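Here is how the chains run, residue by residue.
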2 protein chains.
Amino acid sequence: MSRKAYIDNIDVNLAIDEYFKKLEINPKEELIKVKDSLNRVTSRAVYAKLSSPSYNSAAMDGIAVISDYTTGATESEPKTLKLNEDFIYINTGNPVKEPFDAVIMIEDCIIKDEDTIEILSPAYPYQHIRQIGEDIVATEMILPSRHKIRPVDIGALISGGIDEISVYEKPKVALIPTGSEIVENVEEVVEGKIIDSNSYVFENLVLELGGIPNKGSIAVDEYETIKAMVLEAVEKNDIVLVNAGSSAGTMDYTVDVIDEIGEVVVHGVAMKPGKPTILGIVKGKPIIGIPGYPVSSYLVFDVFVKPVILKFLGLEDDKDEIAKATLTKRVVSSLKNEEIIRVTLGFVDDKLIATPLQSGAGVIMSLVKADGLCKIPRNVEGYDVSDTVDVKLLRPLNQIKESLVSIGSHDICMDIVADMMKLKSTHVGSMGGILSLRRRECHLAPIHLLDADTGEYNISYVRKYFNGEKMALIKGLNRIQGFIVEKGNPLNIQSVNDLVREDVVFANRQRGSGTRVLLDYELAKNDVNPEKIKGYQREFSTHMAVAAAVKNKSANVGLGVYSASKALDLDFYPLKPEEYDFLTYAKNLELDRIKEFIEILKSEEFKNRVDALGGYGFENTGEIIIIE
Amino acid sequence: MSRKAYIDNIDVNLAIDEYFKKLEINPKEELIKVKDSLNRVTSRAVYAKLSSPSYNSAAMDGIAVISDYTTGATESEPKTLKLNEDFIYINTGNPVKEPFDAVIMIEDCIIKDEDTIEILSPAYPYQHIRQIGEDIVATEMILPSRHKIRPVDIGALISGGIDEISVYEKPKVALIPTGSEIVENVEEVVEGKIIDSNSYVFENLVLELGGIPNKGSIAVDEYETIKAMVLEAVEKNDIVLVNAGSSAGTMDYTVDVIDEIGEVVVHGVAMKPGKPTILGIVKGKPIIGIPGYPVSSYLVFDVFVKPVILKFLGLEDDKDEIAKATLTKRVVSSLKNEEIIRVTLGFVDDKLIATPLQSGAGVIMSLVKADGLCKIPRNVEGYDVSDTVDVKLLRPLNQIKESLVSIGSHDICMDIVADMMKLKSTHVGSMGGILSLRRRECHLAPIHLLDADTGEYNISYVRKYFNGEKMALIKGLNRIQGFIVEKGNPLNIQSVNDLVREDVVFANRQRGSGTRVLLDYELAKNDVNPEKIKGYQREFSTHMAVAAAVKNKSANVGLGVYSASKALDLDFYPLKPEEYDFLTYAKNLELDRIKEFIEILKSEEFKNRVDALGGYGFENTGEIIIIE
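Residues numbered from 1 in each chain as written. Chains lettered and ligands numbered in written order. Predicted model: local features only at pLDDT ≥ 70, side-chain atom pairs only at ≥ 80, totals over all residues. Heavy atoms only, no water.

Asks: Could you give me a rundown of the overall build of chain A, with the residues and numbers involved?
Replies: On a plain count of helices and strands, chain A comes out with 17 helices and 38 strands. Over its C-alpha trace chain A gives a radius of gyration of 34 Å, far above what one expects of a compact globule, namely 25 Å for 628 residues. In terms of principal-axis extent, the alpha carbons of chain A reach across some 110 × 70 × 45 Å. Looking at the 628 residues of chain A, the share that counts as buried comes to 58%. The contacts of chain A with a sequence gap of at least 6 include a subset with a gap of at least 24, amounting to 75%. Looking at chain A as shown, the accessible area adds up to about 25300 Å², and 48% of this sits on carbon and sulfur atoms. (Helix = DSSP H or I, 4+ residues; strand = E, 2+ residues; numbered from the N terminus. Rg over C-alpha atoms; globule rule 2.2 N^0.38 Å. Buried < 20%, exposed > 50% of the residue type's maximum accessible area, 1.4 Å probe, protein only. Contact = heavy atoms within 4.5 Å. Areas by Shrake-Rupley, 256 points an atom, 1.4 Å probe, with all protein chains shown as cover.)

Asks: So what's going on with the interface of chain B and chain A? Which residues, and what values?
Replies: Contacts between chain B and chain A engage 106 residues on the former and 105 residues on the latter. Both sides of the chain B and chain A interface together cover about 8500 Å² of buried area, and 57% of this is carbon and sulfur. One can count 6 salt bridges joining chain B with chain A. With a shortest N-O distance of 3.1 Å, K97 of chain B and E191 of chain A are connected by a salt bridge. The interface formed by chain B and chain A includes 26 residue pairs in polar contact (both at pLDDT 80 or more). Top element by residues in the side of chain B that touches chain A is helix α3 (residues 151–159) of chain B. It accounts for 8 residues. (Buried area = accessible area lost by both parts, 1.4 Å probe. Salt bridge = Lys/Arg side-chain N within 4 Å of Asp/Glu carboxyl O. Polar contact = N/O pair within 3.5 Å; in protein donor to acceptor, adjacent residues only side chain to side chain.)

Asks: Report on the domain arrangement of chain A, specifying residues and quantitative values.
Replies: Along its sequence, chain A is organised into domain 1 (12–26 + 170–312), domain 2 (29–53 + 134–168), domain 3 (57–130), domain 4 (322–401) and domain 5 (427–627). The C-alpha-based centres of domain 3 of chain A and domain 5 of chain A are spaced at 80 Å. (Domains from an automatic or database assignment.)

Asks: An account of the nonpolar core is requested, with residue identities and associated values reported.
Replies: General note: in soluble globular proteins, nonpolar side chains tend to be found buried as a group. In this structure, I484, L568, F582, F597, F606 and V610 of chain A are the most contacted members of the largest nonpolar core, which totals 42 residues. For this core, the elements supplying multiple residues, two or more each, are α10 (413–420), β32 (471–485), α14 (543–551), β36 (571–585), α16 (592–602) and α17 (604–613) of chain A. Looking at which element gives the most residues to this core, the answer is α14 of chain A, with 7 residues. Among all residues touching L568 of chain A, those that are not within four sequence positions of it are M544, A547, A548 and K551 of chain A together with V137, A138 and T139 of chain B. (Core = buried A, V, L, I, M, F, W, Y, C linked by side-chain atoms within 4.5 Å.)

Asks: Tell me what's going on with the pattern of salt bridges, and back it up with residues and numbers.
Replies: Taken as a whole and judged by the stated rule, the model has 82 salt bridges over all chains. A salt bridge links K587 of chain A to D349 of chain A; its shortest N-O distance comes to 3.7 Å. Linking K587 of chain A in the loop between β36 and α16 with D349 of chain A in the loop between β24 (338–348) and β25 (351–356), this pair joins segments that are 238 residues apart in sequence. Of the residues examined, K587 of chain A reaches a relative accessible area of 48% and is grouped as partly exposed. With a relative accessible area of 43%, D349 of chain A lands in the partly exposed category. The partner of R395 of chain B in a salt bridge is D371 of chain B, with the nearest N and O atoms 2.7 Å apart. Residue R395 of chain B is found in the loop between β28 (388–393) and α9 (397–400), and its partner D371 of chain B is found in the loop between α8 (365–369) and β26 (372–376); the two are separated by 24 residues along the sequence. Residues participating in the shared-partner salt-bridge network are K35 of chain A together with E184, D196 and K215 of chain B.

Asks: Pulling in residues and values, what's your account of the relation of the copies chain B and chain A?
Replies: Laying chain B over chain A is done by rotating through 180 degrees and shifting 0.0 Å along the axis; what remains is an RMSD of 0.1 Å. Interpreted geometrically, this transformation is the action of a two-fold axis. Taking the C-alpha atom as reference, chain B places P396 of chain B closest to the rotation axis, 4.8 Å from it. (Least-squares fit on C-alpha atoms with pLDDT ≥ 70 in both.)

Asks: Could you give an account of the sheet that holds strand β6 (residues 87–90) of chain B, naming the residues involved and the relevant values?
Replies: Residue and element names in this part refer to chain B. If you trace the 3 strands from one edge of the open sheet to the other, you get β6-β4-β7, paired in antiparallel fashion. Single-partner strands in this sheet number two, and they are β6 and β7 (102–105). In this sheet, adjacent strand axes meet at a mean angle of 35 degrees when their direction is disregarded. In this structure, strand β4 (residues 62–65) lies alongside β7, joined through 4 bridges in antiparallel fashion. Paired with G62 across the strands is M105, a residue of β7. (Pairing = 2+ DSSP bridges. Axes fitted to C-alpha atoms, helices over the stretch in contact; angles between N-to-C directions.)

Asks: Requested: an account of the sheet that holds strand β6 (residues 87–90) of chain A, with residues and values cited.
Replies: By way of backbone hydrogen bonds, the strands of a sheet pair with one another, either parallel or antiparallel. Residues and elements named next belong to chain A. Spatial strand order, β6-β4-β7: 3 strands in an open sheet with antiparallel pairing. At either margin of the open sheet sits one strand with a lone partner, and together these are β6 and β7 (102–105). When strand polarity is set aside, the average angle formed by the axes of neighbouring strands in this sheet is 35 degrees.

Asks: Can you explain the environment of P99 of chain B? Please cite residues and give values.
Replies: Mapped onto the secondary structure, P99 of chain B falls in the loop between β6 and β7. For the pair P99 of chain B and A64 of chain B, spaced 35 residues apart in sequence, the C-alpha separation works out to 9.4 Å.

Asks: Before we move on, can you summarise the packing of aromatic side chains with the specific residues and values?
Replies: The tally for this structure, following the rule as stated, stands at 16 aromatic pairs over all chains. Where Y19 of chain A meets F20 of chain A, the ring centres are 6.3 Å apart and the plane angle is 65 degrees; that geometry is what we call edge-to-face. Ring geometry for Y223 of chain B and Y253 of chain B: centres 6.3 Å apart, planes at 85 degrees, overall edge-to-face. Residue Y223 of chain B is located in helix α5 (residues 223–236), and its partner Y253 of chain B is located in the loop between β17 (239–243) and α6 (254–261); the two are separated by 30 residues in the primary sequence. What links up through ring pairs into an aromatic cluster is the set Y580, F582 and F597 of chain A. Directly above the ring of Y69 of chain A sits K79 of chain A, whose terminal nitrogen or CZ lies 4.9 Å from the centroid. The ring of F347 of chain A has K401 of chain A sitting right over it, with the charged end atom 5.2 Å from the ring centre. (Phe/Tyr/Trp six-rings, centres within 6.5 Å; stacked < 30°, edge-to-face > 60°. Lys NZ or Arg CZ within 6 Å of the ring centre and 35° of its normal.)

Asks: Give a detailed account of the packing of α10 of chain A against α17 of chain A, specifying residues and quantitative values.
Replies: Residue and element names in this part refer to chain A. Where α10 contacts α17, the two axes come as close as 10 Å, and the packing angle between them is 145 degrees. Handedness of the crossing formed by α10 with α17: right-handed. For the pair α10 and α17, contact is made by C413, I416, V417, D419 and M420 and by E605, F606, R609, V610 and L613, respectively. Here the residues of the contact of α10 with α17 sort into 7 nonpolar, no polar and 3 charged. (Left-handed = near helix turned anticlockwise from the far one by under 90°. Nonpolar A, V, L, I, M, F, W, Y, C, P; charged D, E, K, R; others polar.)

Asks: Requested: an account of the UniProt feature "domain: MoaB/Mog" (unreviewed entry) in chain A, with residues and values cited.
Replies: As recorded in UniProt, the sites labelled "domain: MoaB/Mog" (unreviewed entry) are residues 174–311 of chain A. Across residues 174–311 of chain A, the secondary structure splits into 38% helix and 25% strand, with the terminal C-alpha atoms separated by 16 Å. (UniProt positions renumbered as here; feature names shortened; annotations may be inferred.)

Asks: Run through the packing of helix α4 (residues 198–209) of chain A against α3 of chain B, naming residues and quoting values.
Replies: Relative orientation of the contacting elements α4 of chain A and α3 of chain B amounts to 165 degrees, with a least axis distance of 8 Å. The orientation of α4 of chain A relative to α3 of chain B falls into the category roughly antiparallel. Between α4 of chain A and α3 of chain B the crossing geometry is right-handed. Contact residues: α4 of chain A offers Y200, V201, N204, L205 and E208 of chain A, while α3 of chain B offers P151, V152, I154, G155 and I158 of chain B. A class-by-class count of the residues in the contact of α4 of chain A with α3 of chain B yields 7 nonpolar, 2 polar and 1 charged. (Parallel < 35°, antiparallel > 145°, perpendicular 65-115°, else oblique.)

This is how it looks when you write it as structure tokens:
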């Protein structure tokens, strides 16, 4: 079994420079109809063939007159004009021809009878006349080259008498999905099989940029199969993308194939996710090997494939729109690689706040949820909470401004809120939420914190952490925490004492979460030693993740809310009712976004939708407790 | 002949409010394939059907092990593992099944022989394993409703086992071009005929927004014809746009047609351009009458039609991206109307600068060139030079940052520069350029100013207006000013003395332009009284506009450069060679954009292209004179 050592670790910019130095891209031109040219890119400057307007025309509805003849008209000494001698009626756009050389607006005419009009002031020559070429003079440049055509450009081109223009040909981009474990359809997804989603992401990214995607069928991991597909793709396309198999594992053939039939310029870049990238050239054409994880594949497309496609289209890579933001969580990074973190963004007290999302290369939802990308350069160990970082925007700032930012405990009901208003919700546990709110990095913090001394929820924590501040606790939901167990509760788990049993594996929540606080409280109360619980060290960050662990039998039990158990058709042994509330600064109650949030909590639609999840109560939902 | 009084003048926001209050838009849903869903808008939240990954899988290439068995391995006391008993080889993505519960990276394995591996540290349970649902847990929300689908969303949906989703139907938008003077093809453009360009602008705007445009054939200005077309369009579409005929002229039937078969909610809005707008409802469907001038029609689409289309798509109107900018020219506005000015934008000394473009509703080139729109509210008389204004951006700021900003005299060669680099060039004459540069509102000012005392070009003006500043004069082109006359010079014009002749009509340039300075200098030198020149009062702002006036016989002669005369196949009587140079602050020579500009001036390509225009010399082109 041949296992190669790991590949290179070339700096990203260096890799791009080297690759473009070796690549010779000569964009091709084609002639197309102006009417079909939206979003195409001019390959030559376009010069007007016709003037617009192409004749002198009335700019107003009114009468065409001979300006000389109107000289001297005043309010006290009006001039009388006779139809077809001194004037004719004219509408906007009608030609103005000799002897007429001016237009008077109908509003300024005193109509005496059908044939007679009086005017009270003179018309100057060419008054209210659009002269030939007022808009476009024939031979003038309408569009420069390398210009992406918008709807107004099409209007201007047509007005300038242009019927056809030269544009850059759309590059044809072959997409070769590889991997014996990859399947095409959702019905084929069984253990060991993964559905091909990357190809469709690429297909649509290529379309968005203005290329023509050519998705091939899935290639199994065999050297000769991949070689044959690559050779065929190179013949028929301008760019070839091979997805997965780009690393150096036993089944990774892409690099050897390219090495045999062309040149591997770069294999392995100092970028995470995205390290096992191949930049190759076969028969003069770019061929890029892209790693298989969805986040890696998206980022490698963005960093390496996009500039290649744009070059074929005669366009430069867009400058990224960058904004400064304050980090709400610490991020650590290896010194060896540039690391790209997905973040959500929000405006809190006019400050742009960036909250890092899950960092795994396999978590495509981190891209779905991301508002921006934050790069941690090589030789930087990471960033701390409250550090200011540069964020590449994936969404315009004015959209980001509209979102309510929630950081704290997780409950499935937050998805329902997110469907009903613009909400950015991050799950870091109740204590994490309290600390974020103290740093003024969110508008509100969902919390459910049990005071071990009083058995009361939330309020004592607010007094402790926001001493002297006027706070508002928006009452949320009553819900039940309990043991999420396999259907039928086969291990008969009924108390925390059962968790230390030899046959039980537990799925734990992360430190700082309200659920963890509850667990540790119950363990202490019952004198159970956490170290004896199998799985206590393994932490999950949402109720759903705990339920999923039980569902897939990597644990037998976890602590969580009823709705998560119900969602995955598991069983539930109730332990303790609790109060899931939303903490904010009292002054925030004035914000439109908070008002909208409270409206939603109180709405019938919200209650009905949450009720359907199961296990919730709405005793004081939407009520406000002021805590000073 | 029935001529109605002018229509209403309703506030724009009031008009929108009233219209939407009366309009009942109920977006329709349809089920489509996820793979075809790019840019569609979800009509319901989408919940995952499958977890992703759907089985526990290796996150790394390496070996699958039993974590219990690895406990205690250290560098001094390695553990030995046997193939198929204690470990199996595994690649990223392969399932990890019982009894194996952890993965060790291949890099951390010491391969003793084919069947034996040594490890130096223990593996913790689920190390390097992607657990079921790590990315997406079945039943979790993947996308909220009213979400416009991007390529990554498609990847996430497919990963979550979703094959079809509910989206809002694309609204069908009928486009009815009306006007007896409107023709479809460029070959039909003769005097009195105008090519239909607006329909194609609408068609592509509708496409961009996500609607389905249905362009009809051109309707002549007849009441019954228009009525029949509207009725048919209302049957087959969700939205109907009638272009032109929306005012109250003799041939404007749209409002009466709507009034007969439906309801006119608004006729006439306090917006310029765009006043004669009709907001109507026929059989419950929105029908909008749009004025005919290209700028009016674009703005009315943007302000009134876009929000209607977006409502059908379940989307809110985008919040405009607004930036503060400093005006370089005074703009005046009527108190009665909100006025929308097109501006170009540029960054000079880190300040965003807005230069108003031509304001005519007929000048579509003002939209092609615009980087932003500036609204002058009602009851505001206009803005002054150096006022700070809000600009709605039509282009992202990071693109605007890259442009060189030139304000000053016009020469056709500036188009060539604009085709070779990112240039924003505005033509306000040489003196206007000098004043802009003094206010630091441009990077450079093209000038050709004759010192009447010395006969020298430019330098004395620089000393006078930039006394004490270190300036750089980048030498541009030698060119020839002269009389642009009809082919064959039938009126035999050879000197400024000829301009006062009874049979001569002159096309003048605007005050402050170098060409006007030259004319006035020559008139004074020859004792010619400008008041005696017919057309002296009528001002054009470019050489091409002057040439066009001669071409279309609205003048017999104008003063301008040879290239303009040649472009329109006119004749030319040379008067005076002159120097067309570029003035900038000496410190600006350090800017990349200025360096690129000088490179272009010196390039062979630039010289060849300018040479082809005719009448230019390149004696010192690109040389720099420092003036202190």
